[in-house]
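Read off the chains here:
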Amino acid sequence: MATIKKSKKMKIIIPVCIVLVIALVAGSVFAVSSNKKVVQVSLSEIGTGDIVENISATGTVQAGMSKTYSAGTIAQCKELYVKVGDKVQKGDKLATFDTQELDTQIASLQASYSDSSTAYYSAVKSQKENKQKLDEVNKKITPLEKKMKKLQKEASSRAKTTTTTKKRTTTTTTTTTKASTTRKRIITTTTTTAPSSSQSDVSADASERPKNDPINIPSNIPSISIPSISIPSVSSVSVPTTSSNDIASDLEEAVKALKELAETISKLSDDITTTNAITRSVMTAIAEELEKGNYSPEAISKAAGDAMSDAIKKGLIDETKLLIDSGAAVQMIETAVKAVNWEAIGKSIANSDNATLASTELQLAALYAQREIFSVGANATVLNAQKQAMNATKQALDTLKKTQQELQTGWISSIDGIVTECSVEEGAQTSALQTGIKVENLDKLVVKLSLGEYDVHKVSVGMKADISTAYGKYTGEIVSIAPTATGASESSVLDNVGSMAGVSGLSSLTSKGAGVECIVSVDLPDTNIIAGFDANVEIRTGSFTGVPTVPIESIVLEKEGAYVYKYNEEDGTVSKTKIEVGSHSDFAYEIKSGLSVGDKIVTTPGQDYEEDTFKVKVK
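Residues numbered from 1 in each chain as written. Predicted model: local features only at pLDDT ≥ 70, side-chain atom pairs only at ≥ 80, totals over all residues. Heavy atoms only, no water.

Some words on the overall build of the protein
In terms of regular secondary structure, the protein is built from 11 helices and 23 strands. The buried share among the 619 residues of the protein stands at 36%. Of the roughly 37,100 Å² of accessible surface on the protein, 52% is carried by carbon and sulfur atoms. (Helix = DSSP H or I, 4+ residues; strand = E, 2+ residues; numbered from the N terminus. Buried < 20%, exposed > 50% of the residue type's maximum accessible area, 1.4 Å probe, protein only. Areas by Shrake-Rupley, 256 points an atom, 1.4 Å probe, with all protein chains shown as cover.)

Some points on unusual backbone geometry
Phi is positive for Leu524, which is not a glycine, with a value near 50°. With respect to the helices and strands, Leu524 occurs in the loop between β16 (516-521) and β17 (534-551).

Section: the sheet that holds strand β4 (residues 76-80)
Pairing in this open sheet of 3 strands is antiparallel, and the strands run β4-β6-β11 from one edge to the other. Single-partner strands in this sheet number two, and they are β4 and β11 (411-412). Pairing analysis gives 4 bridges linking β4 to strand β6 (residues 93-98), with the strands arranged antiparallel. Counterpart to Cys77 in the pairing with β6 is Phe97. (Pairing = 2+ DSSP bridges.)

Topic: the nonpolar core
Core analysis: the biggest nonpolar cluster contains 35 residues, and Leu261, Ile278, Val282, Ile286, Met308, Ile333 and Val337 have the highest contact counts within it. Only α2 (100-168), α4 (244-266), α5 (272-291), α6 (297-313), α7 (326-338) and α9 (355-378) provide two or more residues apiece to this core. At 6 residues, α9 tops the list of elements feeding residues into this core. Setting aside chain neighbours within four positions, we find Ile278 in contact with Ile265, Leu268, Met308, Ile317, Leu322 and Ile333. (Core = buried A, V, L, I, M, F, W, Y, C linked by side-chain atoms within 4.5 Å. Contact = heavy atoms within 4.5 Å.)

Section: the pairing of strand β12 (residues 417-422)
Relative to β12, strand β5 (residues 87-88) runs antiparallel, the two being bridged by 2 bridges. Each residue of the ladder has a partner; that of Val88, found in β12, is Gly417. Sheet topology note: the β12/strand β13 (residues 437-451) ladder contains 4 bridges and is antiparallel. Within β13, the residue paired with Val419 across the bridge is Val439.

Some details on helix α10 (residues 380-409)
In this model, α10 (30 residues) spans 43 Å end to end at C-alpha, consistent with the 44 Å of a helix rising 1.5 Å per residue. Every buried residue belonging to α10 is among Val382, Leu383, Gln386, Met390, Thr393, Leu397, Leu400, Thr403, Gln404 and Leu407, and all of these are buried. Directly after α10, the chain includes Gly410, whose backbone phi takes a positive value near 95°. (Expected span 1.5 Å × (residues − 1).)

Quick notes on α7
When the terminal C-alpha atoms of α7 are compared, their 18 Å separation across 13 residues agrees well with the 18 Å that a helix rising 1.5 Å per residue should span. Buried within α7 are the following residues: Ser326, Ala329, Val330, Ile333, Ala336 and Val337. Taken down its axis, α7 places every buried residue within 130° of arc, on the same side. Turned more than 90 degrees away from the buried face of α7, the exposed residues are Gln331 and Thr335. The backbone nitrogen of Gly327 lies 3.0 Å from a side-chain oxygen of the residue at the head of α7, namely Asp325. (Arc of directions from axis to C-beta. Polar contact = N/O pair within 3.5 Å; in protein donor to acceptor, adjacent residues only side chain to side chain.)

Focus: the pattern of salt bridges
By the definition in use, this model includes 14 salt bridges. Across the salt bridge formed by Asp306 and Lys302, the nearest N and O atoms sit 2.8 Å from each other. Here Lys302 and Asp306 lie together in helix α6, a separation of 4 residues that amounts to about one turn. (Salt bridge = Lys/Arg side-chain N within 4 Å of Asp/Glu carboxyl O.)

Some details on the pairing of β16
Of all the 6 residues making up β16, 5 are buried; the element is thus mostly covered by neighbouring parts of the structure. Across 6 bridges, the pairing between β13 and β16 is antiparallel. Bridged to Leu449 within β16 is Cys518. Direction of pairing for strand β15 (residues 472-485) relative to β16: antiparallel, over a ladder of 4 bridges. When the bridges of β16 are listed, Ala485 appears paired with Val516.

Quick look at a nonpolar patch on the surface
A cluster of nonpolar side chains, namely Leu323, Ile324 and Met332, defines an oily patch on the protein surface of about 240 Å² accessible area. As for its placement among the helices and strands, Leu323 is situated in the loop between α6 and α7. (Patch = residues over 30% accessible without salt bridge, like charges linked within 9 Å, V, L, I, M, F, W, Y side chains within 5 Å.)

Observations regarding the confidence of the model for the protein
Residue-level pLDDT values for the protein average 75, and 70% of them are 70 or greater. Here residues 170-242 scores under 50 on pLDDT; set against residues more than four positions off or in separate chains, the count is 45 contacts. For residues 488-502, every residue scores under 50 in pLDDT, and the model assigns this stretch 34 contacts once sequence neighbours within four places are set aside. (pLDDT = per-residue confidence, 0-100.)

Remarks on a negative patch on the surface
A surface patch of like charges, here negative, comprises Asp608, Glu610, Glu611 and Asp612. Note on placement: Asp608 falls in the loop between β22 (600-602) and β23 (613-618). (Lys, Arg positive; Asp, Glu negative; His and termini not counted. Charge placed at Lys NZ, Arg CZ, Asp CG, Glu CD.)

Regarding the state of the cysteines
Applying the stated criterion across every chain, the model contains 0 disulfides. In this structure Cys77 is not part of a disulfide, and its nearest cysteine sulfur, from Cys422, lies 8.2 Å away. (Disulfide = S-S within 2.5 Å.)

Looking at the environment of Thr603
In this fold, Thr603 is placed in the loop between β22 and β23. Its relative accessible area of 17% is what places Thr603 among the buried residues. Each C-alpha atom, one on Thr603 and one on Pro551, is 7.7 Å from the other, the two residues being 52 residues apart in sequence. With residues near it in sequence (within four places) discarded, Thr603 still touches Ser42, Leu43, Ser44, Glu553 and Ser554.

Here you go:
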């Protein structure tokens, strides 16, 4: 078998070819991979153009003039002269009614109005009186507060002095022993030298005798010089005392509780006369118990409750004016009064080492309580409630009287038109919720629509409009714009986004209005436009010539504003660029800032761009 010998040249060529093939394959893969990463886009160049700005919306065709007649109350229909579809002229009689049943309702409302009026003017007078009393109490409180602070300061100073004196006189304590009894006494002397045992006995015996009982000195004791000894008074005896701070704290809690009590009373009735009667009964009962020296919370609580119950029985408090059951009202008062720690206050005053200070603080606490009582009476809240009740009753009375007069006269058409609704029947009673009779003039038609918050600021009365229905086109103009919004809809959401982004007219993207009612007249209506059907309306708000424009499909709307992707020819990239837009048409927006004529932008940006700046391949 023959052997073929390969040359050295062949050995070199084969590996080189293999390397070249691998390089070509790798290059192709890289090229394909690179092409996949580059986004392909179409560009548009910014130029100038004309914009005729319109606002588009959809509304409902309605009669240009209509009148609805409703009873608003219960009355009997005597005669009915029309039915649905009848044509009527201004002045034609529609129906008549029997109004005798309204006389009773009017009399009842008249009595209610009289009562509420009396209550209101009584409240006005009472409030004035309470304001005067409140001013008087406030004038008394100021000097008394100054006096109390001065007394508290003096009491605090005396307390420090007493503490120092006790330390100094510790050595004056003596012990006296007798045959039958051993006693320990603490006395205060005017000297720093301790007396002899015999002198101590005399002093001790004297301290135990009644105030007017003479001291009998035994005959076997020689005559001696007795040093001056002060018999301890109530204030100098070492008994537990209550500091002025403790008293002030207790009285502060009492005033706080009395304030809460006044607030509780004010919640029992919205009638100021009743509120004042409750306040007088309860506070008088509390004052009487305190004057007796009775500080028991249970006793004072019961006295207050009994006083209120008694006032209700005697008619001093009108039970019908209470907002809750009288038994529950009495219980509320008793609970509120019992919450005050009257016993602690009594003990504080009884144990006070300064009667003047305690008396002053008690007077001040009483004034604070009076201030709270008069504040309730002077408060305008109850007065305003009385006034609102009176006005509401007056309004109801006036409305019912007007209704009675209209029904007595009968319903008479105030316009030419057609009866489109009739829910009353001859011989039957009307309902307060019934429409009654509705007459509409269909010779004149309008379109009622709603505009978004952004768009409504671009329109005004008198602006021309184009109206289209399924069977015809018409012209018209804005005849009225509501001063307030009446609701929201889908377009309001779009309008809000557009407003934030500086883009108007987004309500044209939905068939519903956005809150502000706008009425557009219809010129020369015919049988093809029918009340109750929808109509599309375009309002011409302005015309702009030779302004820089950007195609509507090139704009990306975000919460922060409007953006386009601007092309950079030098490096073949596009960058997300914020712009400000102005007027608009159905196809383009006016550019206010962010772009110039001649700039190139991505015609239709994608929704999946991951970066704000990236390379592109232009188609």
